[in-house]
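These are the residues of each chain, in order.
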Amino acid sequence: MAQCVQSVQEFIQDSFVPMVAVLCSEDAERVTRKNSLSFPELLRPFCRLTSEGHLRDPNNQVVVVKGLRISVTGINTRPPQTPEMHKLLSQAVSVCQPPEGSPANVITAGDYDLNISATTPWFETYRENFLQSMPASEHEFLNHYLACMLVVSSHEAVPTEQFLKLSQEQHRIQHSGEFTHPKWFNPNTLKYYVLLHDISEGDEQRAESVYEDMKQRYGTQGCYLLKINSRSGSTGADEQMPDPWSQYLHKTSIHSPELYEDFAVSNAVENNISAEEDGLDPSIRDGVSETHPLQLDQPTDAGYPSNNVSQSVNNVDVTRPEKQASVTSHTTPTPRGTCLTLNDHDHIRQFIQEFTFRGLLPHIEKNIRQLNDQLVSRKGLSRSLFSATKKLFGGGKVPEKSIAELKNTAGLLYPSEAPELQIRKMADLCFLVQHYELAYNCYHTAKKDFLSDQAMLYAAGALEMAAVAAFLQSGAPRPYPAHYMDTAIQTYRDVCKNMLLAERCCILSAEILKSQTKYSDAATLLIKMTTEDSDLRSALLLEQAAHCFINMRSPMVRKFAFHMILAGHRFSKAGQKRHALRCYCQALQVYKGKDWTLAEDHINFTIGRQSFTLRQPENAVAAFRHILINDSKQSAVQQAAFLREYLYVYKVTYDHSQTSIDTFCTHLHDSELK
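Remember, predicted model here, so these are calculated numbers, not experimental data. (Residues numbered from 1 in each chain as written. Predicted model: local features only at pLDDT ≥ 70, side-chain atom pairs only at ≥ 80, totals over all residues. Heavy atoms only, no water.)

**Focus on the pattern of salt bridges**
Next up, step 1: This structure, assessed with the given rule, holds 31 salt bridges.
Next up, step 2: A salt bridge links R30 to E201, with the shortest nitrogen-to-oxygen separation between them at 3.1 Å. With R30 in helix 2 (residues 26-33) and E201 in the loop between strand 8 (190-198) and helix 7 (204-218), this residue pair connects regions lying 171 residues apart in the sequence.
Next up, step 3: Of the residues examined, E201 reaches a relative accessible area of 39% and is grouped as partly exposed.
Next up, step 4: Notably, a salt bridge pairs E201 with K34, separated by 3.0 Å at the nearest N-O pair. Here the residue E201 occupies a position in the loop between strand 8 and helix 7, and K34 occupies one in the loop between helix 2 and helix 3 (39-43), the gap between them amounting to 167 residues.
Next up, step 5: For K34, a relative accessible area of 29% puts it in the partly exposed group. (Salt bridge = Lys/Arg side-chain N within 4 Å of Asp/Glu carboxyl O. Helix = DSSP H or I, 4+ residues; strand = E, 2+ residues; numbered from the N terminus. Buried < 20%, exposed > 50% of the residue type's maximum accessible area, 1.4 Å probe, protein only.)

**Examining the sheet that holds strand 7 (residues 145-153)**
Next up, step 1: Here five strands make up an open sheet; going across it, the order is 4-1-7-8-9 and the pairing parallel. Edge positions in the open sheet fall to strand 4 (71-74) and strand 9 (223-228), since each of these has one partner strand only. Between one strand axis and the next, the sheet turns through 30° on average, direction left out of account.
Next up, step 2: Note that strand 1 (residues 19-24) and strand 4 share four bridges and pair parallel. From the neighbouring strand, V20 faces strand 4, where its bridge partner is V72.
Next up, step 3: Running over the sheet, helix 7 touches strand 8 and strand 9 and is turned about 160° from strand 9. (Pairing = 2+ DSSP bridges. Axes fitted to C-alpha atoms, helices over the stretch in contact; angles between N-to-C directions. Contact = heavy atoms within 4.5 Å.)

**Comments concerning the environment of R504**
Next up, step 1: Its location among the elements puts R504 in helix 18 (residues 499-515).
Next up, step 2: A relative accessible area of 3% means that R504 is categorised as buried.
Next up, step 3: Between the C-alpha atoms of R504 and L131, which are 373 residues apart in sequence, the distance is 7.1 Å.
Next up, step 4: Not counting chain neighbours up to four residues away, the residues in contact with R504 comprise F16, F130, L131, M134, E140, E464 and Y492.
Next up, step 5: Side-chain polar atoms of R504 contact the side chain of E140, separated by 2.9 Å. (Polar contact = N/O pair within 3.5 Å; in protein donor to acceptor, adjacent residues only side chain to side chain.)

**A short note on the side chain of T77**
Next up, step 1: Following the sequence through the fold, T77 ends up in the loop between strand 4 and helix 4 (82-94).
Next up, step 2: On the accessibility criterion, T77 (16% relative accessible area) is buried.
Next up, step 3: Side-chain polar atoms of T77 contact the backbone oxygen of G74, separated by 2.7 Å.

**Some thoughts on the packing of helix 17 (residues 482-495) against helix 18**
In a packed pair of helices, the relevant descriptors are the angle between the two axes and the axis-to-axis distance.
Next up, step 1: Contact geometry of helix 17 with helix 18 gives a least axis separation of 8 Å together with a crossing angle of 160°. Accordingly, the angle class assigned to the pair helix 17 and helix 18 is roughly antiparallel. Here helix 17 and helix 18 pass one another in a crossing that is left-handed. Residues A482, M485, A488, I489, Y492 and R493 of helix 17 pack against M499, L501, A502, R504, C505, C506, L508, S509 and L513 of helix 18.
Next up, step 2: Of the residues belonging to the contact of helix 17 with helix 18, the class tally is twelve nonpolar, one polar and two charged. (Parallel < 35°, antiparallel > 145°, perpendicular 65-115°, else oblique. Left-handed = near helix turned anticlockwise from the far one by under 90°. Nonpolar A, V, L, I, M, F, W, Y, C, P; charged D, E, K, R; others polar.)

**Overview of the pairing of strand 1**
Next up, step 1: Strand 1 sits mainly inside the fold: six of its six residues count as buried.
Next up, step 2: The side-chain alternation of strand 1 yields two buried faces, one formed by M19, A21 and L23 and the other by V20, V22 and C24.
Next up, step 3: Across six bridges, the pairing between strand 1 and strand 7 is parallel. Directly across from C24, in strand 7, lies its bridge partner V151.

**Re the packing of aromatic side chains**
Next up, step 1: Applying the stated rule across the entire model yields 17 aromatic pairs.
Next up, step 2: Judged by centre distance (6.5 Å) and plane angle (65°), the rings of F431 and Y443 are edge-to-face. One end of the pair, F431, is in helix 14 (residues 419-432); the other, Y443, is in helix 15 (residues 436-453), with twelve residues separating them in the sequence.
Next up, step 3: For Y443, a relative accessible area of 0% translates into the label buried.
Next up, step 4: In textbook terms, an aromatic cluster arises when at least three aromatic residues are bridged by ring pairs, as seen for F16, F431, Y436 and Y443.
Next up, step 5: Positioned above the aromatic ring of F11, the side-chain terminus of R127 is 3.8 Å from the ring centre. (Phe/Tyr/Trp six-rings, centres within 6.5 Å; stacked < 30°, edge-to-face > 60°. Lys NZ or Arg CZ within 6 Å of the ring centre and 35° of its normal.)

**What to know about unusual backbone geometry**
Next up, step 1: Residue H181 is joined to P182 through a cis peptide bond whose omega torsion reads 0°.
Next up, step 2: Backbone geometry at K497 places phi at a positive 55°, although glycine is not the residue there.
Next up, step 3: Following the sequence through the fold, K497 ends up in the loop between helix 17 and helix 18.

**A short note on helix 23 (residues 597-613)**
Next up, step 1: For helix 23, built from 17 residues, the straight-helix expectation of 24 Å at 1.5 Å per residue is met to within 8% by its first-to-last C-alpha distance of 24 Å.
Next up, step 2: Along helix 23, 13 of the 17 residues are buried, which leaves the element largely enclosed by surrounding structure. (Expected span 1.5 Å × (residues − 1).)

Printed below as a string of structure tokens:
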């Protein structure tokens, strides 16, 4: 398999992180906008903890939390609608290309020396963006908000009044019943009060006084004084400061949708392949439309709070600089963090650590204990769910049924206080703080309850996370239950008709299988998820399957090449011409000079067309020429079509040089066109 930057454990842990909402006053947002950043964007580079956290489980055992990352977003942040999500994922893949001049990665397999991509960063980018854009669901709580930061500027006349207004607004959003989104983990959401002080223009003594009052009102563990903007934007303008935000805000368009417009225009010629645009002779085109059918469309959703402009300060990306009239003109990127010093960076990092260690983790620990106590009292269990593991999981197995035998109850919804949901909620909390053993036990119990009720969406979710939790347990006390994932995928896809969840399940399981060098199983799983509803997903998964085949103990070279061709075809249908060309070129290494002349002709013909489309005329001419200079097993009609295409491309490339064309044609004998 192509190597990834992260280990599979790091990848999974970063895919499921505690979610924190932000609700800012307008003045607080003004303070952060001095740095061309919203408050959530300001925090983003500092959201991974650099030291260990600790909490105690219901059995009073210490749980160590390492490398925890939290996700902080505006309270009005919306996941992209499905058409927009497809467009943004397509952009993320398209802009991520193999670096120029990257060192060759040669794999020797039998008689073959194959130059293959050592990494596939476009797949990692797709994977990350896809998982981050997953919408919140009723059947799981992993991406529901656990806490809400209420942020007020110290410049406010009466900051405590602003805190009260924001607290009431958060309560209205969560409990009024007016909004279906965002989703909240618990009714008693943690509220963390942040006083934002602008050092360059504020009265620090007054800010300290307000903060002392806040500690009396909200407790020392429920509030924080964050001091930023130690320098004005003009002071030290020539001083080069690090920009930790660029790698986060430019990495993906899921959180920066304004970048999509530039992408759409710059790639219009490349990916909208009409006969006039790609330059090929209309009489010899294959007639297949390669324009991606998805359209960007995001209707207004009344289920989200604050659709009006006045409340937009709490969106994920707002008050962006207006676009230039011509999107093709490139301007210098807006510098970020210009009012911040390295000490300010440390202040933000310390703030995140204090919030997590003194606010969030104790809140999660308290909720785990409360859920455990409720479940013990309701189910009549002894002491705690953790100590009753043997009793719960030793027997009483639910009879196994095939998916076809189970009735479709995918639309079943439990009431919020149902014991089954409380078990699932406790499992998710344990998973988020890396207590994988207790999480697995809870998922296992919930799975049996959901299957007993034939609540298939809930059962599939519990199966999926039970498998992941089993894999992540330290010391691997139990083997990875791949059959759990297989059942979950089949249920998501065939019963619940939810391809997003099925795809997530497939990506997670494939990464786990690859980490265990079970490449054959991973390839089979990836290929099963290739369907007609998404060319981009199918292309990426087929390419990953191809890498699985070449990385087996006994490399399957021809399967690698065959699946790279399939991937190239699907990339082309998805409008990803550069990725399509790369796949075909890698597959050609296997077929070239092996007497598979028809296959080689097809690959060279496709490489020629793709190269010409991508404005690589010399490569196109070379590919078409290769079809014609060898003995051909094609029909006379097909050979004539190849020749016409070659001559057309040659004329366009070399300024209609008839002499050069005549010189080439003297090498073609009538006997070769049979």
